[in-house]
Amino acid sequence: MRSLDDIRDEYEFLEGDERYRLLIELGRELEPMPDPLKTDATLVRGCSASVWVYPTRRDDGVLHFLADSNAAITKGIVALVVAAVQDRPALEVAETDIAALLEPFDLKNQLSSNRTQGVPNMIALIRETAARIAAGA
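Here the structure is a predicted model, which means the values were calculated and not measured. (Residues numbered from 1 in each chain as written. Predicted model: local features only at pLDDT ≥ 70, side-chain atom pairs only at ≥ 80, totals over all residues. Heavy atoms only, no water.)

Per the secondary structure count, the protein chain includes eight helices and three strands. Start at the N end of the protein chain and walk to the C end: the helices and strands fall as α-α-β-β-α-β-α-α-α-α-α. Relative to its 137 residues, the protein chain shows a buried fraction of 42%. Contacts spanning at least 24 positions in sequence make up 61% of the contacts within the protein chain whose residues lie at least 6 apart. Entry remark: accessible area of the protein chain is about 7,300 Å², with carbon and sulfur atoms responsible for 47%. Computing the positive centroid from 15 side-chain charges and the negative centroid from 23, the protein chain places the two 5 Å apart. (Helix = DSSP H or I, 4+ residues; strand = E, 2+ residues; numbered from the N terminus. Buried < 20%, exposed > 50% of the residue type's maximum accessible area, 1.4 Å probe, protein only. Contact = heavy atoms within 4.5 Å. Areas by Shrake-Rupley, 256 points an atom, 1.4 Å probe, with all protein chains shown as cover. Lys, Arg positive; Asp, Glu negative; His and termini not counted. Charge placed at Lys NZ, Arg CZ, Asp CG, Glu CD.)

In this section: the sheet that holds strand β1 (residues 51-57). With antiparallel pairing, the three strands of this open sheet are ordered in space as β1-β2-β3. A strand with exactly one partner marks an edge of an open sheet, and here the two such strands are β1 and β3 (88-89). Packed onto the sheet, helix α3 (residues 72-83) meets β1 and β2 (62-69) and runs at close to 170° relative to β2. Sitting on the sheet, helix α8 (residues 119-136) is in contact with β1 and β2, with an inclination near 20° to β1. (Pairing = 2+ DSSP bridges. Axes fitted to C-alpha atoms, helices over the stretch in contact; angles between N-to-C directions.)

As a further point, take empty space enclosed by the protein. Empty space among the atoms can be located by rolling a probe the size of a water molecule over them. Within this structure, the stated rule accounts for two cavities of 30 Å³ or more. Of the pockets and cavities examined, the second largest cavity occupies roughly 30 Å³. In terms of lining residues, the second largest cavity is bounded by Met1, Arg2, Ile7, Leu26, Glu29 and Ala79. (1 Å grid on protein atoms, 1.4 Å probe; cavity = no way out; pocket = protein on both sides within 12 Å on 5 of 7 lines; lining within 4 Å. Points joined across faces, edges and corners; volume = space filled by probe spheres on them.)

Keep in mind that these numbers describe shape and distance, not what the molecule does.
Structure follows, in structure tokens:
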């Protein structure tokens, strides 16, 4: 997965439809999420499309997220959110201001409100899960 900085550098040079294409491409680059993990427990509430996020804790203590969506652009947004925290320690993920890291993408002005309405819920789910894992570590 590309780093958020690399994605941002590319995104800044693009406009309109090119940005949509980049988001779709990012979604396609997500590591496949096995269907059995797409359950009610991993479903992000409040998204117009179906979005699933599943954290795994590696032996070295970092969190690795599997995520998916049934909508191409939404899946790209999911990829952005995951790129902000992928393969980092649980405590660091819990303390990361993901929304601030996504601000340069100006998603609220680039995409319809339907496409971005679930982003805060996605972020909250990731941070709360990371905090729970960090507390149990």
